[in-house]
Amino acid sequence: MSEFVTLSEIRAAQERIRGVAVRTPLYRVERARLRMAKLPEPEFDLYLKAENEQPIGSFKLRGAYNMVAQLSPEKRSRGVITYSSGNHAQGVAYAAKALGAKAVIVMPASAPEVKKAATRALGAEIVEVGPASSERLRKAEELVAQFGYAMIPPYDAPQIVAGQGTCGLEIVEQLPDVDLVLSPVSGGGLLSGAATAIKLAAQEGLAKSGVKVWGAEPELAADAKESFYSKKLVEWPAEKTTRTIGDGLRTQSLGQVNFKHVLEYVDGIVAVTEEEILSAMRVILAATKLVSEPSGAVALAAALFHAHELPTSHKVVVILSGGNLEPSLRQRLETEIAATPLA
């Protein structure tokens, strides 16, 4: 494998995951619907890439299945392990079940119950640790040394980048003249993969020349933004990143592989507030009836509230990365929507 993931590797991943991961739809959000949701009408056409419609409710199935499927039968027979706050956990559990392998998942005890329950329902064994992503990694490495499991990292591996890149490849196949794609970023698997696919497709004339790819993350966990603009990989302490409601975006730093691809192919990263995340979630529910977890709404929050920081664009695609929303939070949002109904 070359220093950077190639378009041919992303295409190979696309074939590998076909029939397992869904080719998710791209929904256009009518500007009038946003106006009805009490928001200024944007100056661009807005599209949502609905990764919440994956079998596990998240894009994470793409990378997880791509990597597990490439393990030798001997490695798969020993079982697979990962460390995840929830969505990658389900991706690995789903892939392992489909391929007949045991799955062990190291999760923070604070992970949403809806994600723990979904992971267990897929037959995985859960090992709980503290809130820090570094704690999850250490425990997973201990179990690898003890039992010989195959490690399936949540983001920091070329196979994961290639798998997540299939989301970006689908976007340019569905909307070749897209000007700007916005992706949430935490460890960087989705952002690095999508940006790599989109920029390489543009080089081959399969996407608009000059298409931009930006990342979005919570202000309370903005280590990726700091790393991008300083050009130095930084790590934030867990007590800072765990403050955000976006439980899928609490990773303390970008992965090494991901950071390299982000610097090569990403155009910028913007940070959003907690209230902007919640507002974007209300907009998604009220204007589209799609369901987004907090992490999944971060890119939409960037499009709606930080357009002044982004390149001027006519067609914008926002990756709605996941829809595993806790029932209590959904009820709260729907109550708030009902209290201020659409006009």
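Located above this text is the structure these notes cover.
(A) Representation of the packing of helix α5 (residues 87-99) against helix α6 (residues 113-121) within the structure. α6 packs onto α5 with a crossing angle of 10° between their chain directions and a minimal axis gap of 9 Å. On the basis of the axis angle, α5 is roughly parallel to α6. Along its contact with α5, which presents N87, A89, Q90, A93 and K97, the element α6 presents K115, A118, T119 and A121. A per-class count over the contact of α5 with α6 returns four nonpolar, three polar and two charged.

(B) Structural detail: the layout of surface pockets. Empty space within the largest pocket amounts to approximately 540 Å³. Lining of the largest pocket is provided by 39 residues; of these, P154, Y155, S186, G187 and T251 occupy positions nearest its centre. Secondary-structure elements contributing two or more residues to the lining of the largest pocket are α5, α7 (133-147), α9 (189-203) and α14 (294-305). Per-element tally for the lining of the largest pocket: the top contributor is α7, with four residues. Considering only enclosed or pocket space, the second largest pocket measures out at about 310 Å³ in volume. P42, E43, F44, A303 and A307 are, among the 18 residues lining the second largest pocket, the residues nearest its centre. Listing elements by their share of the lining of the second largest pocket, those giving two or more residues are β7 (180-184) and α14.

(C) Representation of the sheet that holds strand β8 (residues 212-218). Overall, mixed pairing links the six strands, which are arranged β1-β2-β10-β7-β8-β9 in an open sheet. Each edge of the sheet is formed by a strand with only one pairing partner; in this case those strands are β1 (26-29) and β9 (268-272). Between one strand axis and the next, the sheet turns by 25° as a mean value, whatever way the strands run. Examined bridge by bridge, β8 and β9 share five bridges and lie parallel to one another. Each bridged residue has a counterpart across the sheet, and for A216 the counterpart in β9 is V270. Docked against the sheet, helix α8 (residues 158-174) engages β1, β2 (45-50), β7 and β10 (315-320), running at close to 135° with respect to β2.

(D) Spotlight on helix α12 (residues 256-265). Residues of α12 that are buried: N258, F259, H261, V262 and Y265. The buried side chains of α12 occupy one side of the element, clustering within an arc of 165° when seen end-on. Turning to α12, the residues buried within the fold contact α8, α9 and α10 (223-230).

(E) Molecular detail of unusual backbone geometry. One non-glycine residue, K231, adopts positive backbone phi at about 60°. On the secondary structure map, K231 appears in the loop between α10 and α11 (238-241). On the basis of relative accessible area, K231 is assigned to the partly exposed category, the value being 49%. Its identity is not glycine, yet K289 carries a phi of approximately 70°, on the positive side. Considering the arrangement of structural elements, one finds K289 in the loop between α13 (274-288) and α14. Take K289: its relative accessible area is 62%, and that puts it in the exposed class.

Rules used in this analysis
Residues numbered from 1 in each chain as written. Predicted model: local features only at pLDDT ≥ 70, side-chain atom pairs only at ≥ 80, totals over all residues. Heavy atoms only, no water. Axes fitted to C-alpha atoms, helices over the stretch in contact; angles between N-to-C directions. Helix = DSSP H or I, 4+ residues; strand = E, 2+ residues; numbered from the N terminus. Parallel < 35°, antiparallel > 145°, perpendicular 65-115°, else oblique. Contact = heavy atoms within 4.5 Å. Nonpolar A, V, L, I, M, F, W, Y, C, P; charged D, E, K, R; others polar. 1 Å grid on protein atoms, 1.4 Å probe; cavity = no way out; pocket = protein on both sides within 12 Å on 5 of 7 lines; lining within 4 Å. Points joined across faces, edges and corners; volume = space filled by probe spheres on them. Pairing = 2+ DSSP bridges. Buried < 20%, exposed > 50% of the residue type's maximum accessible area, 1.4 Å probe, protein only. Arc of directions from axis to C-beta.

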